[in-house]
Amino acid sequence: MAKLDAGRERAQAIEALEAQAKAHYDAGRDAEAADAYERAGRLLERHAVSSASRKIEQARKAKALKFLEYAKALRAGDVPKPETTPSGEVTAPSGAPGERRARGKGKRDKDDDEIHQAVTGLLHHASIGWDQIGGLEETKREIKYALGVSVAKKPEGLALASWRNVLFYGPPGTGKTLLAAATSRALKTSEREQATFFNVKVSSIMSKYFGESTKILSELYGTARDMSPAVIFLDEFESLCGSRNEGDTGTERRILSTILSELDGLAEKGRDDLYVLTIAATNRPWDLDPAVLSRFDKKVLIPLPDATTRRAILDIHLGKKGFVVEADLEDVVDLTDGLSGRELESLVKEVTNRMVADENRELPDLVDRGLDHVRDYRVRVRPLALDDFERARRHVHPVTSAADVERYTAWRDAAEA
Ligand SMILES: Nc1ncnc2c1ncn2[C@@H]1O[C@H](COP(=O)(O)OP(=O)(O)OP(=O)(O)O)[C@@H](O)[C@H]1O
Ligand SMILES: [Mg+2]
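Residues numbered from 1 in each chain as written. Chains lettered and ligands numbered in written order. Predicted model: local features only at pLDDT ≥ 70, side-chain atom pairs only at ≥ 80, totals over all residues.

Colleague: Help me understand the overall build of the chain, please; the structure alone is not making it clear to me.
Modeller: Along the backbone of the chain there are 17 helices and 8 strands. Within the chain, buried positions represent 34% of all 417 residues. Relative to all contacts within the chain whose residues are 6 or more apart in sequence, the contacts with residues 24 or more apart total 77%. (Helix = DSSP H or I, 4+ residues; strand = E, 2+ residues; numbered from the N terminus. Buried ≥ 20, exposed ≤ 12 C-beta atoms within 10 Å, placed from the backbone. Contact = placed C-beta atoms within 7 Å.)

Colleague: Sorry, what's going on with the pairing of strand β4 (residues 165–169) here?
Modeller: Across a regular strand the side chains alternate sides, sitting on one face of the sheet and then on the other. Burial of β4 is extensive: 5 of the 5 residues sit out of reach of the surface. Of the two faces of β4, the one carrying N165, L167 and Y169 and the one carrying V166 and F168 are both buried. Summarising the sheet, β4 and strand β8 (residues 298–301) pair through 4 bridges and their orientation is parallel. Bridge assignment links Y169 to a residue of β8, and that residue is L301. (Pairing = 2+ DSSP bridges.)

Colleague: Is there a simple way to explain helix α8 (residues 213–226) in this structure?
Modeller: Given 3.6 residues to a turn, an α-helix orients residues that are three or four positions apart in the same direction. Its 14 residues place the ends of α8 20 Å apart at the C-alpha level, agreeing with the 20 Å of an ideal helix rising 1.5 Å per residue. If you check which residues of α8 are buried, you get S213, I216, L217, L220, Y221, T223 and A224. Viewed end-on, α8 has its buried residues packed into an arc of 160°, placing them on one side of the element. (Expected span 1.5 Å × (residues − 1). Arc of directions from axis to C-beta.)

Colleague: Hey, could you run me through the site of ligand 1 in this one?
Modeller: Around ligand 1, the structure places 18 residues, and the nearest of them are P172, G175, K176, T177 and G341. Looking at the shell around ligand 1 residue by residue, the class counts come to 7 nonpolar, 8 polar and 3 charged. (Near = placed C-beta within 6 Å. Nonpolar A, V, L, I, M, F, W, Y, C, P; charged D, E, K, R; others polar.)

Colleague: Is there a simple way to think about the packing of helix α2 (residues 30–49) against helix α3 (residues 54–75) in this case?
Modeller: For any two helices packed against each other, the geometry is given by the interaxial angle and the distance between the axes. At their nearest, the axes of α2 and α3 sit 8 Å apart, and the two run at 160° to each other. As summarised for this structure, α2 and α3 are arranged roughly antiparallel, according to the angle between their axes. In this structure, the crossing between α2 and α3 has a hand that is left-handed. Where α2 approaches α3, its residues D30, A33, A34, Y37, E38, A40, G41, L44, E45, H47 and A48 are matched on the opposing element by E57, R60, K61, K63, A64, F67, L68, Y70, A71, L74 and R75. Its residues assigned to classes, the contact of α2 with α3 shows 12 nonpolar, 2 polar and 8 charged. (Axes fitted to C-alpha atoms, helices over the stretch in contact; angles between N-to-C directions. Parallel < 35°, antiparallel > 145°, perpendicular 65-115°, else oblique. Left-handed = near helix turned anticlockwise from the far one by under 90°.)

Colleague: Which parts of the structure should I look at to understand the nonpolar core?
Modeller: One broad rule of soluble globular proteins: the nonpolar side chains tend to lie buried together. By size, the foremost hydrophobic cluster in this structure holds 69 residues, and its most contacted members are Y37, F198, L220 and I232. Ranked by residues supplied to this core, first place goes to α3 with 9 residues. Counting contributing residues, this core receives three or more from each of domain 1 (2–99) and domain 2 (124–301). With sequence-adjacent residues up to four places away left out, I232 is seen in contact with F198, V200, L220, A224, V276 and T278. In terms of nonpolar packing, the next biggest core, distinct from the first, is built from 15 residues, I313, M355, L384 and F389 among them. (Core = buried A, V, L, I, M, F, W, Y, C linked by C-beta atoms within 7 Å. Domains from an automatic or database assignment.)

Colleague: Help me out: how do you make sense of unusual backbone geometry in this one?
Modeller: Backbone geometry follows two general trends: most residues other than glycine have a negative phi, and most peptide bonds adopt the trans configuration. Going from S228 to P229, the amide bond is cis rather than trans, its omega being 0°. A positive phi is found at L136, a non-glycine position, where the angle reads about 50°. Structurally, the position occupied by L136 is in the loop between β3 (123–124) and α5 (137–151). Take L136: there are 25 C-beta atoms within 10 Å of it, and that puts it in the buried class.

Colleague: Would you explain the sheet that holds β4 in this entry?
Modeller: The pairing of strands in a sheet happens through backbone hydrogen bonds and is either parallel or antiparallel. The mixed open sheet is built from 6 strands, whose spatial order is β3-β5-β6-β7-β4-β8. Strands with a single pairing partner mark the edges of an open sheet, and in this sheet they are β3 and β8. As defined by bridge partners, β3 adjoins strand β5 (residues 196–201) across 2 bridges and the pair is classed as antiparallel. Bridging from a neighbouring strand, L123 pairs with F198 of β5.

Colleague: I would appreciate a short explanation of the confidence of the model for the chain in the present structure.
Modeller: Low-pLDDT portions of the prediction should not be read for the details of their coordinates. This prediction gives the chain a mean pLDDT of 83; 87% of its residues lie at or above 70. Taken element by element, the predicted model of the chain shows its lowest mean pLDDT in strand β2 (residues 90–91) (42) and its highest in helix α16 (residues 386–393) (96). Contacts from residues 84–108, a stretch scored under 50 in pLDDT, to residues over four places away or in other chains number 29 contacts. (pLDDT = per-residue confidence, 0-100.)

Colleague: Mind showing me how you'd approach helix α13 (residues 341–359) here?
Modeller: Here α13 contains 19 residues, and its C-alpha end-to-end distance of 27 Å stays within 8% of the 27 Å for a straight helix at 1.5 Å per residue. Buried within α13 are the following residues: G341, E343, L344, L347, V348, V351 and M355. All buried residues of α13 lie within an arc of 165° about the axis, which places them on one face of the element. Seen from the open side of α13, the exposed residues pointing more than 90 degrees away from its buried face are N353 and A357. Close packing links the buried residues of α13 with α11 (307–321) and α16.

Colleague: Explain the environment of I279 here, please?
Modeller: Looking at where I279 falls in the secondary structure, it is placed in strand β7 (residues 276–282). Taking the C-beta count within 10 Å as the criterion, I279 has 27 such neighbours and is therefore assigned buried. Sequence separation between I279 and F168 is 111 residues, and the spatial gap between their C-alpha atoms is 7.3 Å. Not counting chain neighbours up to four residues away, the residues in contact with I279 comprise V166, F168, A180, T183, V231 and F233.

Quick look at the structure:
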C-alpha cells in the first residue's frame, strides 16, 4: 500500500514539474524551464524502474529522455517548443533536440522509432556510490583521477589525453558492473545532474536486434553525444565481437567497424564540450578482437577479492542487513578465500537466512493456525557465530577456479608486455 502511494506521489510530482517547466518555458524563463525538465526527467527515470510492465517502463524511459533532452537544448539556447498531447504524452516537434539525427531524412520511419525506443530502454539511473563497493581502492582512485583529468580545463595548447574507453575484465561477480554504475554517478555536473548512463547488455542487443545492431550502436552513441556527459556501459562485451571461430558474416564485420569508429570517437573530434566515456566489461578478454582491444586506453583487471577486500565486502553486506556478528571477522575472512564479491553476498544471505530459520522453527505451524497468530509474532534473531558461517560456507560454491585466476593474470601480463 505504502509503495503504491509512493508511486502515485512520484507521478504527481513529475506532472507538477512538467507543468512548471512548461509555464517557465512559455514565460521565456529558459533556465528555470531547463531545471524543471531536468528534475522531471531524473524523477521519471527512477519512476520507470518500478513500472508494472516492460512496456510502461520503456514509455516512461523514452519520456524521461525527452525531458532531459529538452533541458539540455534549453541550456544550450537551442530552443525547441515542447508540446504535450491531450493524453499527457510529450511529443517531439520536428527540430526538437532528440530529432537532430533524423533530420534531413524527412520523417523518421517506424523502424527508426523502434531503434530509438530500444536505445531509450537502455537509459539507467545509477544509484551506486563508491562507498558501496568494498576494496578496489586503487581502481577507484584511478577512475576518479581519469574523470577529473577528462573534465577539468587543461592549460592552453596542452594535449592531455583523457580516458575515453576503459575495459574492465576479470572473473564473474567481482564488482565490474558496480564500478561502472558508480563512475556514472560520480560524473556529476551539478548537485542534481549526473551523467547519463546507458546500461547495455551486449548479448541481448545482439540476439534481439542482430540485423539492426549497427543501427542501435550508432543511435546509442548519437544519443549519448546529445546527452553529454554520458557513460556507455557495454556489459558482456565479448558477445559483440562474435565467436571468431564461426567465421565472420557481413553483419558481424559491419558491427565491428561500427564499434571501432565509435571507440575512435571520430564524431567527437575537436569537440571539447562532449564527453562520452565507454566502459566495457568482460569475463573473456581473450575473445576480443585485437583491433577492438587496441582502442582501449585503459584495461583494468578486477580480480577476486584479497583478504582486505573480502573484509570490506563482508562489512558492507553484513552492515546493510543490520545483523550482529559475534565472531572474529578475520576468521570469517579466512573461510572465504576464493569467493567473489557476489559469492560473499550469497554467503551473507545464506548465513542470515539459516539463523533466522533456526530461531523461528514454529513459524510454519503458526501460519497453519491463521494469520492472526502470525501478526502478533515477533521474529527472533541472535548474533551470528563463526559456526554459522562455516555451515553456510559449505553451500556456497565458487565459480572461479585457481586455473581461471591464473589465466586472467597471464592475459594481463601479456597485454601489458
Ligand atoms: N567490491 C564489492 N563490494 C561490494 N559488493 C560487491 C563487490 N563485488 C561484488 N559485489 C556484490 O556482488 C554483486 C555482483 O557484482 P557485479 O555485478 O559488479 O559483478 P560483475 O563483476 O559485474 O560480474 P559479472 O562479470 O558476472 O557481470 C553486486 O551486486 C554486489 O552485491
Ligand atoms: Mg557485470
